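# Report on the structure
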Amino acid sequence: MKNKVKKERKKITVGTVVMYLFLIANAVMFAMPMVFTLLSSVKTKVEIFSKPFALPEVFQWKNYVDAWNGANMGQYFMNSIIQAGATVIVLAIVASMAAFMLSRFDFKINGFLSVFFMVGMMIPVHTVLVPVSYIIGALNLKNNIPALIMIYVAFNLPFSIIVTSNFMKGVNKSLEEAALIDGATYFQIYRKVMLPLSVPALSTISIFNFLGAWNNILFPLLFINDKKLKPIALGLLNFNGERGSEHGLLMAAIVITVVVPLVLYLLFQEKVESGLSAGAVKE
């Protein structure tokens, strides 16, 4: 009996060690590019290539100042904040309303609508670029921020509705019935009952939608030509073309681009995970 216990302990210990070694190796592998970028952002061009992972002799903090001011990164940054923020707000409102209808009302077309939104998630973006470009050109909507936001909303809406509706289906219907008995309308139930309870799901879709709009480079590249309206992802591409020889400034610009979505994800990581898993358990 003692031998069996020892063998089981050895197996568990070896498995745990292997798992942690694998996780540590993956963490190091994914962290190395970020470490290289952070170090390079405060180095000179010579130090970046001669000592890629060494600390700089003198920290070049002016790289951030030059990148922010000289390459117009401040304007690009604010454009991305506006575009991504508006996308998140519109998607949260529209997706929560649609999810409320799909999850709390028994219409004959509910099944069809659910499949319809699932199919929307399966369509690759690149397959609809030609018709979308034609529509934008026909309606003369190039260099139009609201049009760009609506494109973001259209492509992220199926995912947002499915995640939110699955979460709302897990909410106990007794809360809704109690509100109806108290004289609440369905809009009041949506606003005062379902929305507060759906914060984890809304936080999840908001983080994903913000990251999608913030990092998107395809649609701005096609539909935004005005430098004053370009988002930070497209501004970073232009920065590389204009100042490609200044690698320290380029790395500083990359750090500026990455820091906002990284901080947001770290702050709301628990809500993202709870929102994705909550719909799996029905009450």
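Residues numbered from 1 in each chain as written. Predicted model: local features only at pLDDT ≥ 70, side-chain atom pairs only at ≥ 80, totals over all residues. Heavy atoms only, no water.

### Some points on the overall build of the protein
A tally of regular secondary structure across the protein gives 14 helices and zero strands. In the protein, which comprises 283 residues, the share counted as buried stands at 36%. For the protein, the share of sequence-separated contacts (at least 6 apart) that also reach a separation of at least 24 residues comes to 72%. (Helix = DSSP H or I, 4+ residues; strand = E, 2+ residues; numbered from the N terminus. Buried < 20%, exposed > 50% of the residue type's maximum accessible area, 1.4 Å probe, protein only. Contact = heavy atoms within 4.5 Å.)

### As for the UniProt feature "transmembrane region" (unreviewed entry) in the protein
Those residues carrying the UniProt feature "transmembrane region" (unreviewed entry) are residues 12-36, 81-103, 115-139, 145-164, 193-214 and 248-268 in this numbering. Taken end to end, residues 81-103 is 100% helix and 0% strand, and its two terminal C-alpha atoms sit 32 Å from one another. As annotated, residues 115-139 comprises 72% helix and 0% strand, and the C-alpha atoms at either end are separated by 30 Å. (UniProt positions renumbered as here; feature names shortened; annotations may be inferred.)

### As for helix 7 (residues 145-169)
Here helix 7 is 25 residues long and its end C-alpha atoms lie 35 Å apart, about the 36 Å a rise of 1.5 Å per residue gives. Along its length, helix 7 shows its largest kink, about 50 degrees, at Asn 156, and proline Pro 158 lies within four residues downstream of that point. For helix 7, the buried fraction is high: 18 of the 25 residues fall into the buried class. (Expected span 1.5 Å × (residues − 1). Bend = angle between axes of the 7 residues up to and from the residue.)

### A short note on a nonpolar patch on the surface
A cluster of nonpolar side chains, namely Met 19, Tyr 20, Phe 22, Leu 23, Ile 24, Val 28, Met 32, Val 35 and Phe 53, defines an oily patch on the protein surface of about 860 Å² accessible area. In this fold, Met 19 is placed in helix 1 (residues 2-40). Of the residues examined, Met 19 reaches a relative accessible area of 43% and is grouped as partly exposed. (Patch = residues over 30% accessible without salt bridge, like charges linked within 9 Å, V, L, I, M, F, W, Y side chains within 5 Å. Areas by Shrake-Rupley, 256 points an atom, 1.4 Å probe, with all protein chains shown as cover. Salt bridge = Lys/Arg side-chain N within 4 Å of Asp/Glu carboxyl O.)

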